[in-house]
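Inside the fold
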Amino acid sequence: MRPQGDRSVLGSPAVAVAFPGAVCRGSGYRFACELLKHVLHQRNQLPLPYEQLAYFCRRAAQDGDGIGKPHSLGLASRKCQQLLRELEGLFQHLEVMFSLTLVPRVLFLLGGNIMNPKELYELNLEGFCEGAAEESLQTAPCVRQLFHRLFVADVFSELKALPVTGTLVLVQGHRDCGVEWFRPKLNYQVPTRGRKLTVKLSCHGDLHVSASPPRHTAPDWEDYVWFQAPVTLKGISE
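Before going into details, it helps to say that this report is about the structure given with it. Here the structure is a predicted model, which is why all the values come from computation and not from measurement.

1. With respect to the pairing of strand β6 (residues 166-174)
In terms of residue burial, β6 counts as a mostly covered element, since seven of its nine residues are buried. As paired strands, strand β3 (residues 105-110) and β6 are joined by five bridges and run antiparallel to one another. Each bridged residue has a counterpart across the sheet, and for Val106 the counterpart in β6 is Val171. Note that β6 and strand β10 (residues 233-234) share two bridges and pair antiparallel. Within β10, the position partnered with Gly166 by the bridge is Lys234. Judged from the five bridges that link them, β6 and strand β9 (residues 224-228) form a sheet pairing that is antiparallel. For Gly173, the partnering residue across the bridge sits in β9 and is Val225.

The following block contains the structure:
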């Protein structure tokens, strides 16, 4: 059974990546963070890729006045510092969330509002499995495989430029997982309007008995609800 609140957008593009086995524990969290960074940059909410922006921002803060840094990027600006702090905090709370519960789906909503975003990006992890390090695929090459697949699919090139806007993050988890920072949205329905891209990750092949979730005990998705991050990520322009 599909998780609660799924109403697929007909005709929406999808990118599927199948790994030949379970991936190291903690990989689901890494995929969510890396995909969010990528979407924010590709959709003009970050003037540079996240790692470059964070590097220049740290350098500007250390220098005090940002001398020698590209003035047009505003790398030492208050808005840039705030966005990076919010992203770093979000990543930390996502890691906690992934440690407390299976996470079958993650949503990034750009523009509009929670019920009617301009663009919606879904990371689908229902068929994804994690396992012990010695028995599983390493995270880094799997992340590279994901981004190679996104590059080949060329899902962003034909999109019109998106103005600076807000981004909301929602995560699906067990209703009794005990997470405190995220806010439960018990009756939330995934929007059917706006542009949607689904990135679906799955694991195939001979999965070890320690893989999570075990293939012979599929979770009861009826007990999974949406949780919203209590922060709106406000994009910055050059």
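Additional details are given in the paragraphs that follow.
2. Some points on the packing of helix α1 (residues 27-42) against helix α3 (residues 78-100)
The contact between α1 and α3 brings their axes to 9 Å, and the two run at 150°. Taken as axis vectors, α1 and α3 run roughly antiparallel relative to one another. Crossing geometry of α1 relative to α3 is assigned as right-handed. Between α1 and α3, the residues in contact are Gly28, Tyr29, Ala32, Cys33, Leu36, Lys37 and Leu40 and Leu87, Leu90, Phe91, Leu94, Glu95 and Phe98, respectively. Split into classes, the residues belonging to the contact of α1 with α3 amount to 10 nonpolar, one polar and two charged.

Criteria and cut-off values
- Residues numbered from 1 in each chain as written.
- Predicted model: local features only at pLDDT ≥ 70, side-chain atom pairs only at ≥ 80, totals over all residues.
- Heavy atoms only, no water.
- Buried < 20%, exposed > 50% of the residue type's maximum accessible area, 1.4 Å probe, protein only.
- Helix = DSSP H or I, 4+ residues; strand = E, 2+ residues; numbered from the N terminus.
- Pairing = 2+ DSSP bridges.
- Axes fitted to C-alpha atoms, helices over the stretch in contact; angles between N-to-C directions.
- Parallel < 35°, antiparallel > 145°, perpendicular 65-115°, else oblique.
- Left-handed = near helix turned anticlockwise from the far one by under 90°.
- Contact = heavy atoms within 4.5 Å.
- Nonpolar A, V, L, I, M, F, W, Y, C, P; charged D, E, K, R; others polar.

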